[in-house]
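What follows is the residue order along each chain.
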Amino acid sequence: MTQIRGDIEEAKLEKKNTSERYPETEMLEKRLEWFQDLKLGVIMHWGLYAEAGIVESWQLSEQDEWAREPKAWREDIKELQRDYWNLIDDFSPTLFDAKVWAQKCQAAGFNYFIFTTKHHDGFNLYDTQETEYKITGNRSSFKEDPRSDLLKEAFTAFREAGLAVGAYYSKADWHSPYYWLPDETPKGRRASYDPQQNPELWEKYVGFVQRQLHELTHNYGAVDLLWLDAGWCGTGREDLRMDEIVADARQAQPELIVVDRMMGGRHENYVTPERKIPTISEIPEQVWESNIPLGNDWGYTPFDQFKSSQEIIGTLIDVVAKGGNLILGLGPKPDGTFTAEEDQILIDLGTWLDCYGEGIYSTRPLADLSVLEDWKITQTKDAYYFFFVGAAADQKTEIQVSNFNLPMAIQEGYTLNNGEKLQLVHGILKIPANFYVPLFPGIKLVKMKNQ
């Protein structure tokens, strides 16, 4: 998969050995089946970068010049860094209501929720005891608000709404003096010194990360997913001793799924192609999840260009038909509300899933994906689900079912939106003229039993 933007870290060449067994292997096999049933999740990037209205915290890294194009937030990089760090004084999401968030996401059809606890900038949206650079810290203008522990509020509301929850955490921390030295040397996304040459300082950083991840997995109730970002940090030159971190996390969360993104190996329990729907030849061997923002950026930017609801729904169908999950990125505004465009996409998505979700949730792909391009197909043990994704010129009133090379014969068929029974005569499915009116209409074909 080719790199699209500077914020997409390349996957490591090390591939997971699917035959290697670990103490958690049996548990993960069951949990990843559960995860694949969920199909649709939402990830929220939120923090000081929403206050600045810039692409997450990438502009802080002097070596990531792409992030300051076509125009930097501040022309002078030192001024930019200083003003950004000081946004802790301004970020005050007074309209934040976690229950409203959860209600909207539940109605949209999401089954799991991942919340950014800390991006690379090091600003924490939870009550960590490892630094004052946090939403509950002494400098935060939101510290006295009863909702100030944003992670606690969000996790509680989403669990009550029936969604699984996960914590996004960047393993890099550009605000930590143990990661970026407080000197004038140019800084990049990686540690600003060689950990092998300064092991005592690096050990302080390892302890900092390990204690923060202990907080997230021990102090906030049940956590289903630990989604670790900064795919250059964790092994090799910047070794965080991930075996220790995950073992500690699973003491409190024995069924935790860990996503050590782009790192390969034992603790990347599923893979996460970013801004990408894999082609058939690119479909990962592991369980996978496409990550796609609703707009162009993950976090809030004031002039973002949002995808259409039609594109989002079409993406969901394509990803699920290929066997993946889809997680959609939503970036709340600095005040804690969603944009009007995001609200509308969520409404449209939920409306479509109310009619057609049976063919999305808890399904699996066909073994043979070389089917007609105008249709995407999912299946359960009892039925196939067909979604029409073609153009108007490709709409047919009759379909020869044998053209799809289905492994099991069909007993009967129905439209998904209203349950209308379809005529099935000698393997030809009769399609009513009004079938194609809804967006991406779907058909349920019941598999023949006792073949």
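In this report, we go over the structure that sits alongside the text. (Residues numbered from 1 in each chain as written. Predicted model: local features only at pLDDT ≥ 70, side-chain atom pairs only at ≥ 80, totals over all residues. Heavy atoms only, no water.)

**Considering the overall build of the protein chain**
Part 1 of the reasoning: The secondary structure content of the protein chain amounts to 9 helices and 16 strands.
Part 2 of the reasoning: For the protein chain, the C-alpha radius of gyration of 23 Å lies close to 22 Å, the compact-globule estimate for 451 residues.
Part 3 of the reasoning: Structurally, the protein chain occupies a C-alpha span of about 75 × 45 × 40 Å along its principal axes.
Part 4 of the reasoning: For the protein chain, the proportion of contacts with a sequence separation of at least 24, taken over those separated by at least 6, is 71%.
Part 5 of the reasoning: A total of about 19200 Å² of accessible surface is found on the protein chain, and carbon and sulfur atoms cover 49% of it.
Part 6 of the reasoning: Of the side chains in the protein chain, 47 bear a positive and 72 a negative charge, and the two mean positions are spaced by 3 Å. (Helix = DSSP H or I, 4+ residues; strand = E, 2+ residues; numbered from the N terminus. Rg over C-alpha atoms; globule rule 2.2 N^0.38 Å. Contact = heavy atoms within 4.5 Å. Areas by Shrake-Rupley, 256 points an atom, 1.4 Å probe, with all protein chains shown as cover. Lys, Arg positive; Asp, Glu negative; His and termini not counted. Charge placed at Lys NZ, Arg CZ, Asp CG, Glu CD.)

**Some points on the environment of G109**
Part 1 of the reasoning: Mapped onto the elements, G109 comes out in the loop between α4 (98-108) and β2 (112-118).
Part 2 of the reasoning: Accessibility expressed as a relative area gives 11% for G109, which makes it buried.
Part 3 of the reasoning: Taking the C-alpha atoms as reference points, G109 and E79, 30 residues apart in sequence, are found 43 Å from one another.
Part 4 of the reasoning: Setting aside residues up to four positions removed in sequence, G109 forms contacts with L40, L353 and Y361. (Buried < 20%, exposed > 50% of the residue type's maximum accessible area, 1.4 Å probe, protein only.)

**Section: unusual backbone geometry**
Part 1 of the reasoning: In the segment running from E69 into P70, the intervening peptide bond is cis, with an omega of 0 degrees.
Part 2 of the reasoning: One non-glycine residue, K39, lies in positive phi territory at about 70 degrees.
Part 3 of the reasoning: As for its position among the elements, K39 is in the loop between α1 (25-38) and β1 (40-44).

**Details of the nonpolar core**
Part 1 of the reasoning: Formed by 102 residues in total, the largest nonpolar core has its most connected members in M44, F110, F113, F115 and Y179.
Part 2 of the reasoning: Non-local contacts of M44, meaning those with residues more than four positions away in its chain, are made with W101, C105, F113, I114, F115, T116, F158, L330, P332 and F338. (Core = buried A, V, L, I, M, F, W, Y, C linked by side-chain atoms within 4.5 Å.)

**A word on empty space enclosed by the protein**
Part 1 of the reasoning: Applying the stated criterion to the full structure yields 1 cavity of 30 Å³ or more.
Part 2 of the reasoning: Each pocket or cavity is described by its volume, and for the largest cavity that value is around 190 Å³.
Part 3 of the reasoning: Counted by class, the lining of the largest cavity contains 9 nonpolar, 5 polar and 6 charged residues. (1 Å grid on protein atoms, 1.4 Å probe; cavity = no way out; pocket = protein on both sides within 12 Å on 5 of 7 lines; lining within 4 Å. Points joined across faces, edges and corners; volume = space filled by probe spheres on them. Nonpolar A, V, L, I, M, F, W, Y, C, P; charged D, E, K, R; others polar.)

**Focus on the sheet that holds strand β14 (residues 424-425)**
Part 1 of the reasoning: In spatial order, the strands read β11-β15-β14; together these 3 strands make up an open sheet with antiparallel pairing. The strands lining the two open edges of the sheet, one partner per strand, are β11 (398-400) and β14. (Pairing = 2+ DSSP bridges.)

**Brief notes about the sheet that holds β2**
Part 1 of the reasoning: Strand order in the open sheet made by the 7 strands is β5-β4-β3-β2-β1-β7-β6, with parallel pairing throughout. The sheet terminates laterally at β5 (257-260) and β6 (289-293), the two strands that pair on one side only. Averaged over all neighbouring strand pairs, the angle between strand axes comes to 20 degrees, with direction disregarded.
Part 2 of the reasoning: Relative to strand β4 (residues 225-229), strand β3 (residues 164-170) is paired through 5 bridges, and the arrangement is parallel. Each residue of the ladder has a partner; that of Y169, found in β4, is L228.
Part 3 of the reasoning: Packed onto the sheet, helix α8 (residues 309-321) meets β1, β6 and β7 (325-330) and runs at close to 150 degrees relative to β7. (Axes fitted to C-alpha atoms, helices over the stretch in contact; angles between N-to-C directions.)

**Concerning the pairing of β4**
In summary, the side chains of a regular strand alternate between the two faces of the sheet.
Part 1 of the reasoning: Most of β4 is tucked away: 5 of the 5 residues are buried.
Part 2 of the reasoning: Neither face of β4 is left uncovered, since the one carrying L225, W227 and D229 and the one carrying L226 and L228 both have all their residues buried.
Part 3 of the reasoning: Note on the crossover from β3 through helix α6 (residues 199-218) to β4: the handedness is right-handed.
Part 4 of the reasoning: Between the parallel pair β4 and β5, the chain is carried across by helix α7 (residues 242-252), and the sense of this crossover is right-handed. (Right-handed = clockwise from strand over helix to strand, strands pointing away.)

**Observations concerning the packing of α6 against α7**
Part 1 of the reasoning: Between α6 and α7, whose axes approach to 9 Å, the crossing angle comes to 20 degrees. With respect to their mutual orientation, α6 and α7 come out roughly parallel. Considering how the two elements wind past one another, α6 and α7 form a crossing that is right-handed. Of α7, the residues touching α6 (which contributes V209, Q210, L213, H214, T217 and H218) are E244, I245, D248, A249, Q251 and A252.
Part 2 of the reasoning: Class assignment for the residues of the contact of α6 with α7 results in 5 nonpolar, 5 polar and 2 charged. (Parallel < 35°, antiparallel > 145°, perpendicular 65-115°, else oblique. Left-handed = near helix turned anticlockwise from the far one by under 90°.)

**Considerations on the side chain of R250**
Part 1 of the reasoning: Mapping R250 onto the fold places it in helix α7.
Part 2 of the reasoning: Accessibility expressed as a relative area gives 13% for R250, which makes it buried.
Part 3 of the reasoning: Apart from the residues lying within four places of it in its own chain, the contact partners of R250 are E24, M27, L28, L256, V258 and N269.

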